[in-house]
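Chain and residue survey
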Amino acid sequence: MKPVVLYRLCDILTSRDLLRSTQNVSIREQVIVFLQTVGQNQRFRFISGIYYRSVETIHRYFRIVLKTVLKLYRHLIKDTEDTVPAKIMNNQRFYPYFTV
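Residues numbered from 1 in each chain as written. Predicted model: local features only at pLDDT ≥ 70, side-chain atom pairs only at ≥ 80, totals over all residues. Heavy atoms only, no water.

**Quick word on unusual backbone geometry**
- Its identity is not glycine, yet D17 carries a phi of approximately 55 degrees, on the positive side.
- The topology assignment puts D17 in the loop between α1 (3–15) and α2 (27–39).
- We note that N41 has phi near 55 degrees; this positive angle belongs to a residue other than glycine.
- When you line up the elements, N41 lands in the loop between α2 and α3 (44–51).
- Given the relative accessible area of 53%, N41 is considered exposed. (Helix = DSSP H or I, 4+ residues; strand = E, 2+ residues; numbered from the N terminus. Buried < 20%, exposed > 50% of the residue type's maximum accessible area, 1.4 Å probe, protein only.)

Following this line, the structure appears as structure tokens:
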């Protein structure tokens, strides 16, 4: 991820008042810990060694950022239409997964 994208994501989370800096951990560090865990499949123990934080702290901020990113899905992911394509609708194998 380019630094510009990281800064933009942090700005979006801050402007929507979804994420706040704490006394010890900045918003940027919270987002980086989340992205390293998700994007590079790193373990909390490994990341805690990099940032000199406890595993519990890494886990706490991972969960906080995960919840905030999940709140953004309606703004970031837009469906062009609410219909299911005919190829999926006519296939018994796939269609049951698209019903509510």
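Moving on from the coordinates now.
**Section: the confidence of the model for the protein**
- Averaged over every residue, the pLDDT of the protein is 83; the share at 70 or more is 90%.
- Mean pLDDT across the elements of the protein bottoms out in helix α5 (residues 73–76) (74) and peaks in α1 (90). (pLDDT = per-residue confidence, 0-100.)

**With respect to the pattern of salt bridges**
- Under the defined criterion, the tally for this structure stands at 3 salt bridges.
- Salt-bridge contacts for R20 lead to D17; the nearest nitrogen and oxygen are separated by 3.1 Å.
- Classification of R20 by relative accessible area gives exposed; the value is 58%.
- A salt bridge links E29 to R53; the shortest N-O distance between them is 3.2 Å. Taken together, the residues span a long stretch of sequence, with E29 in helix α2 and R53 in the loop between α3 and α4 (55–71) at a distance of 24 residues. (Salt bridge = Lys/Arg side-chain N within 4 Å of Asp/Glu carboxyl O.)

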